[in-house]
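Spelled out from the first residue to the last, the chains are:
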Amino acid sequence: ASKQGANKNKQNGKMASRTPASAAAAAAAAAVRRTALVILISLLIISTNADKGGDAEGAGGNGGWPVPTKKAERPVMKPKPQLPEITHRVYLNIEIEDEPQHSGQIVLGLFGGIAPKTVENFRALCSCDKGNGKLSDKPLCYKGTEFHRIIPNFLLQGGDITHGDGTGGESIFGGHFEDETFEVKHNKRLLLSMANHGKKDTNGSQFYINTVKVSWLDNKNVVFGTVLEGDRLIHSMEKLGTYTGKPTKKITIVDSGEIQ
């Protein structure tokens, strides 16, 4: 009896030592069978839908992806900004200190149809045909004035005919005049706008040319023209700007006028 008991215990020990491996193998085999079953069912569903011409899960009969049946439509793009008619053309002859090779002329087109008062003010200041200012008694003329503020990737600002540093300016009407229109938005570069004194209806003689889109200035500053010629010159001027606004070299309007 003791011998039989010993043999039985020995056999149980062998079975116990084999149990973990056997369990793992059985689990792996079961997983393989489940995977095969899932694949088989999926293939049957796809085949059935393909025979019926139906959609697998509503997305087409080729395994769940739609098959294009017509040419894709072109995406709808925002229309290119259209500028108003140019009624006047003026020029600014620019001289850059110590850089005669980069000096030259900027030609501007003005939108007299939408901003007649603003355009007449700028045209007259370019032509210098209105005498002296009523308040400052200084020439109403851009000749001899400087671009006092240039910020890269933003703007070039000039036109302070009374102080020359951005704190002054005077219109041909005496002092400031009202904002005429905000019809044209700052949605493209190289537009010509009035520089005011930080609040409504304070336009004088200062102006700026933006070198990037500046949409945050929409409905704050009047756009009344655009650059027609002189893009390279403007780029050279922009390089002389700083993030404080003070140019590294003197940039002067040595001559200006209207193109008839």
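Residues numbered from 1 in each chain as written. Predicted model: local features only at pLDDT ≥ 70, side-chain atom pairs only at ≥ 80, totals over all residues. Heavy atoms only, no water.

Caption draft 1: Representation of the overall build of the protein chain. The helix and strand inventory of the protein chain stands at three helices and eight strands. Ordered by position from N to C terminus, the α and β elements of the protein chain give α-β-β-α-β-β-β-β-β-α-β. Across the 260 residues of the protein chain, 38% fall into the buried class. Long-range contacts, defined here as pairs at least 24 residues apart, represent 68% of the contacts in the protein chain between residues at least 6 apart. A total accessible area of about 15,700 Å² is found for the protein chain, and carbon and sulfur atoms account for 54% of it. (Helix = DSSP H or I, 4+ residues; strand = E, 2+ residues; numbered from the N terminus. Buried < 20%, exposed > 50% of the residue type's maximum accessible area, 1.4 Å probe, protein only. Contact = heavy atoms within 4.5 Å. Areas by Shrake-Rupley, 256 points an atom, 1.4 Å probe, with all protein chains shown as cover.)

Caption draft 2: Geometry of the packing of aromatic side chains. Summed over all chains, the structure comprises seven aromatic pairs. Taken together, a centroid distance of 5.2 Å and an interplanar angle of 65° make the contact between Tyr-142 and Phe-207 edge-to-face. Of the two residues, Tyr-142 sits in the loop between helix H2 (116-127) and strand E3 (149-151) while Phe-207 sits in strand E6 (residues 207-210), which places them 65 residues apart along the sequence. Seen in terms of ring centroids, Phe-147 and Phe-207 are 5.7 Å apart; in terms of plane orientation they differ by 90°. Their pairing is edge-to-face. Within this pair, whereas Phe-147 is found in the loop between H2 and E3, its partner Phe-207 is found in strand E6, the two being separated by 60 residues in sequence. For Phe-147, a relative accessible area of 2% puts it in the buried group. Ring-pair connections join several aromatic residues into one group, and the members of that group are Phe-122, Tyr-142, Phe-147, Phe-207 and Phe-224. Taking the ring centre of Phe-173 as reference, the NZ or CZ of Lys-117 above it sits at 4.8 Å. (Phe/Tyr/Trp six-rings, centres within 6.5 Å; stacked < 30°, edge-to-face > 60°. Lys NZ or Arg CZ within 6 Å of the ring centre and 35° of its normal.)

Caption draft 3: Representation of unusual backbone geometry. Even without being a glycine, Cys-128 presents a positive backbone phi close to 60°. Mapped onto the elements of the fold, Cys-128 is located in the loop between H2 and E3. Look at Asp-137: it is not a glycine, yet its phi comes out positive at around 60°. Secondary-structure assignment places Asp-137 in the loop between H2 and E3.

Caption draft 4: View of the pairing of strand E2 (residues 104-110). Burial within E2 is extensive, with five of its seven residues counted as buried. The pairing of strand E1 (residues 88-96) with E2 spans seven bridges and is antiparallel. Pairing of His-88 across the sheet is with Leu-110, part of E2. (Pairing = 2+ DSSP bridges.)

Caption draft 5: Fine view of the confidence of the model for the protein chain. Per-residue confidence for the protein chain gives a mean pLDDT of 87; residues scoring 70 or more make up 85%. A low-confidence stretch, residues 54-61 stays under pLDDT 50, and its non-local contacts, those more than four residues away or across chains, total 13 contacts. (pLDDT = per-residue confidence, 0-100.)

Caption draft 6: Just the state of the cysteines, in detail. Taken as a whole and assessed by the stated rule, the structure comprises one disulfide. Here Cys-128 is linked by a disulfide to Cys-141, with a sulfur-sulfur distance of 1.8 Å. Handedness here is read from the sign of the S-S torsion; for Cys-128 and Cys-141, about 60°, the answer is right-handed. Of the two residues, Cys-128 sits in the loop between H2 and E3 while Cys-141 sits in the loop between H2 and E3, which places them 13 residues apart along the sequence. For Cys-128, a relative accessible area of 26% puts it in the partly exposed group. (Disulfide = S-S within 2.5 Å.)

Caption draft 7: Local environment of the sheet that holds strand E5 (residues 191-194). Strand order in the open sheet made by the eight strands is E3-E4-E6-E5-E7-E2-E1-E8, with antiparallel pairing throughout. If you trace the sheet from one side to the other, it starts and ends with E3 and strand E8 (251-259), each paired once. The sheet shows a mean angle of 25° between the axes of neighbouring strands, taken without regard to direction. Looking at chain direction, E1 and E8 are connected through eight bridges and run antiparallel. Note on E8: the bridge partner recorded for Ile-96 is Ile-251. Each of E1, E2, E3, strand E4 (155-158), E6, strand E7 (223-229) and E8 touches helix H3 (residues 231-239); the most contacted strand, E2, lies at about 115° to it. (Axes fitted to C-alpha atoms, helices over the stretch in contact; angles between N-to-C directions.)

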